Every structure is written in C-alpha cells, then in structure tokens.
Amino acid sequence: MTDSTSHPAQHSVEPTEPEPNFIKWLRENCVPIAGMGLGALVLCLVAHYGSATVDWASTKDFAQAFANVTQSLALIVGGVWAYFKFAKGRTFQDRLTTAVSGELISIDESVFLIVAIRLQNVGLSRIAFDQEVSSLEVFEYVPLQAEDILRVKNDLLTSLKVFGDKDRYIEPIELIERQTLIALPHVSKIGYQLELEVLSNSGYAWRTTSVVGKPAFEHNETGKPNRIGEKRNGIE
Amino acid sequence: MELSDYPPGFATHRYRLTPEEIERKRQRIKIQEEREERHRRKLIEEGKLRPDDEPDEQPA
C-alpha cells in the first residue's frame, strides 16, 4: 500500500501547453486582423502608384518610427510568450515521481525488511540530489487496543541514506531503482511504515510513504515463495 | 512488493523543508551511520569482513 500525494503536471493525461488568453483572442480575431493588414497594403500600393507627390524625407521618418514601434511590440509579445511558456507553464521546473515499498522475510530465524525505491525524473531539467539529507525512514507501528477510530501511532526506528556516492543526479526521463536489505532485531506486532524523502540541491523535497503490514511477513512464513528477483514492470 | 505507478505527465508533490528539519534529518542519518560503522568494525574484529572492505554502496 503506497500513499503519495500527486498532482497533475498538466490538466489532461495528454500533456498540452497552457494556452494564453492573448493567443485565444488572436485566433478568434485573425480574420479582421488579416483584413486590416490587406487594406493597409492596398493603401500603400495606391499611394505608391498614385499621382500624388511624395515627400520622401517625411516618409522615411514615418517608416523609421513605424519600425521602432513594431520592434517594441515584438519584444513585449515575446516577453509575454516567454513568461507563459517558462514561468506559468513551469516547463523547466524540477519534477520527480517517487515510490517506496517493502517486504518482510525471515531467514534462519532472523527477520529482514527488503525495501525497494524508485525515482523517475518526469520533468525537463536535470535534478541534482542532496545525498547527505535524502533519507529512508523506518517507523514501527505501536500496538494499541482501540475502542474508537484512531490512527495508529508509529515510532521512528532508523533513518538511512538513500543515495550512494554515485547517485548524484538524475537526467530527464531517467529512472532509478534501488533495493536494500535491513536487518530487524524483532518483528513488529502490526507492521512498519517506510517514508522516503528525496531532497534536491535546489532545495525541493519529495516524499512518499508505504505501509509494510504483518500479513506480508506471514505470507512468507507459509512457505510461499517470496518475490525477491521476481520480474516487476519488466525489471529484474 | 508493488510500487506505485503514475500516469504520464504526473509528478509527486514537492515542497521545501526548513533548515531545522534538514538539520534534524542530518542528525538522524548520522546516528544510523555511526551504528553501521560500529557493526562493520565488529565484523572485521570477528574476521567476517575484510578490513579493506568499504561500506556497501548505499542503500535503497
């Protein structure tokens, strides 16, 4: 059972760019705008081939001013587009999916917890990990005789580093999967909670939790094969 | 041992930790590392581990 708060990066399953209102307005009014442009072109042609005398000095000044205004408008429009694309659209923000899971096994009367973690960079930027603080925390649930609906309290057993020396960063669309074996001095009467918290050097954190229940352990004790080495999502 | 699957385009919620929370995490990790280092030395003394063995490429 894994619990992790997720938010859609975009509003639909198929990722689409956010569409600014200006673009919508432009799309709806493209016909009159094109008509006005065509009219302006016709006027220019009439003025050019007409019999009226042209003061080329003032025309040059007008063209210069028009060019300046056009450049300024282009800069503003480009800035607005870049703002929507990169700031509002969060195109290059750090995005990560995290998952953790555990399984209890018994070998020669010793109890072990196999922990699997998976990280995937679903953004477009490289994420550098804070290796010193990213942690996997193991909590033990405290047994209670509940006479009401209560959340079971847990007690922190240990906090382990998640990354080795070589796990410094993750590139876009890369996947990291790791498994580790933790020895336990005794078996909890209820089970354990695993909490994976990954920190990046840019100061962001991602967290996911998972409950490893006692039934998982009993499942192994019945002699059914545990799932170590079993193919999962095509990965051994 | 099932891991969550996320549909394409989805990401886990992200947030920032306070400096105090980061320091607390650092302390907890340090306690565990000291515990593991003591265990490693004990194994070396018992001859179950070679002295030049580095701690495992960590972990999960």
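The following refers to the structure shown. Predicted, not measured: the structure shown is a model, and the values here were computed from it. (Residues numbered from 1 in each chain as written. Chains lettered and ligands numbered in written order. Predicted model: local features only at pLDDT ≥ 70, side-chain atom pairs only at ≥ 80, totals over all residues. Heavy atoms only, no water.)

1. Here we look at the overall build of chain B
- Scanning chain B from terminus to terminus reveals one helix and two strands.
- When the helices and strands of chain B are read in sequence order from the N terminus, they spell out β-β-α.
- Accessible surface computed for chain B: about 4500 Å², of which carbon and sulfur atoms make up 50%. (Helix = DSSP H or I, 4+ residues; strand = E, 2+ residues; numbered from the N terminus. Areas by Shrake-Rupley, 256 points an atom, 1.4 Å probe, with all protein chains shown as cover.)

2. With respect to the overall build of chain A
- Secondary structure assignment for chain A yields four helices and eleven strands.
- Burial statistics for chain A: of 236 residues in total, 32% are counted as buried.
- Residue pairs at least 24 apart in sequence account for 70% of intrachain contacts in chain A once pairs closer than 6 positions are excluded.
- Total accessible area on chain A is roughly 15400 Å²; 58% of this is exposed by carbon and sulfur atoms. (Buried < 20%, exposed > 50% of the residue type's maximum accessible area, 1.4 Å probe, protein only. Contact = heavy atoms within 4.5 Å.)

3. Comments concerning the sheet that holds strand β9 (residues 175-184) of chain A
Residue and element names in this part refer to chain A.
- Spatial ordering of the open sheet is given by β3-β4-β9, a layout of three strands whose pairing is antiparallel. Edge positions in the open sheet fall to β3 (96-107) and β9, since each of these has one partner strand only. Pairs of neighbouring strands in the sheet enclose a mean axial angle of 15°, with direction left out of account.
- Across twelve bridges, β3 lies against strand β4 (residues 110-121) in antiparallel orientation. Each bridged residue has a counterpart across the sheet, and for T98 the counterpart in β4 is L119. (Pairing = 2+ DSSP bridges. Axes fitted to C-alpha atoms, helices over the stretch in contact; angles between N-to-C directions.)

4. Some remarks on a nonpolar patch on the surface
All names here are of chain A.
- On the surface, a nonpolar cluster with roughly 500 Å² of combined accessible area is contributed by F22, I23, W25, L26, I33 and V77.
- Considering each element in turn, the nonpolar patch owes the most residues, four residues, to helix α1 (residues 21-28).
- With respect to the helices and strands, I23 occurs in helix α1. (Patch = residues over 30% accessible without salt bridge, like charges linked within 9 Å, V, L, I, M, F, W, Y side chains within 5 Å. Salt bridge = Lys/Arg side-chain N within 4 Å of Asp/Glu carboxyl O.)

5. Observations regarding unusual backbone geometry
Residues and elements named next belong to chain A.
- Of note, the phi angle at E109 is positive, near 65°, even though the residue is not glycine.
- Look at I173: it is not a glycine, yet its phi comes out positive at around 60°.
- As for its placement among the helices and strands, I173 is situated in the loop between β8 (169-170) and β9.
- Classification of I173 by relative accessible area gives exposed; the value is 73%.

6. Here's the deal with the nonpolar core
Residues and elements named next belong to chain A.
- Counting residues in each nonpolar core, the largest one holds 26 residues, and the members touching the most others are L113, V115, F129, L136, I182, L194 and L196.
- Going through the elements one at a time, β3, β4, β6 (135-141), β9, β10 (191-199) and β11 (204-213) are the ones with two or more residues in this core.
- With five residues, β4 is the largest single contributor of residues to this core. (Core = buried A, V, L, I, M, F, W, Y, C linked by side-chain atoms within 4.5 Å.)

7. Comments concerning the interface of chain A and chain B
- Listed by partner, the interface residues are 58 residues for chain A and 29 residues for chain B.
- Note that E197 of chain A and K25 of chain B form a salt bridge whose closest N and O atoms lie 2.8 Å from each other.
- Where chain A packs against chain B, one counts 14 residue pairs in polar contact (both at pLDDT 80 or more).
- Breaking the side of chain A that touches chain B down by element, the ones donating at least two residues are β2 (6-8), β3, β4, β6, β7 (154-161), β9, β10 and β11 of chain A. (Polar contact = N/O pair within 3.5 Å; in protein donor to acceptor, adjacent residues only side chain to side chain.)

8. A short note on helix α3 (residues 56-88) of chain A
- Between the first and last C-alpha of α3 of chain A there are 46 Å, a value that for 33 residues agrees with the 48 Å anticipated at 1.5 Å per step.
- Phi for R90 of chain A, located one or two positions after α3 of chain A, is positive at around 50°. (Expected span 1.5 Å × (residues − 1).)

9. Re the pattern of salt bridges
- Tallied over the entire structure, the rule returns eleven salt bridges over all chains.
- What emerges from the salt-bridge pattern is a single network uniting E132 and K161 of chain A together with E33 of chain B.

10. Thoughts on the environment of E174 of chain A
Residue and element names in this part refer to chain A.
- As for its position among the elements, E174 is in the loop between β8 and β9.
- Distance in space between the C-alpha atoms of E174 and R126 is 9.5 Å, their sequence separation being 48 residues.
- Setting aside residues up to four positions removed in sequence, E174 forms contacts with L119, Q120 and N121.

11. Section: the packing of aromatic side chains
- Applying the stated criterion to the full structure yields four aromatic pairs over all chains.
- Aromatic side chains W81 of chain A and F86 of chain A sit 6.1 Å apart centroid to centroid with 85° between the ring planes, which places their arrangement in the edge-to-face category.
- Under the relative-accessibility criterion, F86 of chain A is labelled partly exposed at 37%.
- On the numbers, 5.7 Å between centres and 75° between planes, the contact of Y83 of chain A with F84 of chain A is edge-to-face.
- Classification of Y83 of chain A by relative accessible area gives partly exposed; the value is 45%.
- Put simply, the rings of W81, F86 and F92 of chain A touch in pairs and so form one group of aromatic residues.
- Here the guanidinium or amino end of R126 of chain A rests over the ring plane of Y169 of chain A, the centre of that ring lying 4.1 Å away.
- The aromatic ring of Y204 of chain A is capped on one face by R16 of chain B, whose charged end is 4.1 Å from the ring centroid. (Phe/Tyr/Trp six-rings, centres within 6.5 Å; stacked < 30°, edge-to-face > 60°. Lys NZ or Arg CZ within 6 Å of the ring centre and 35° of its normal.)

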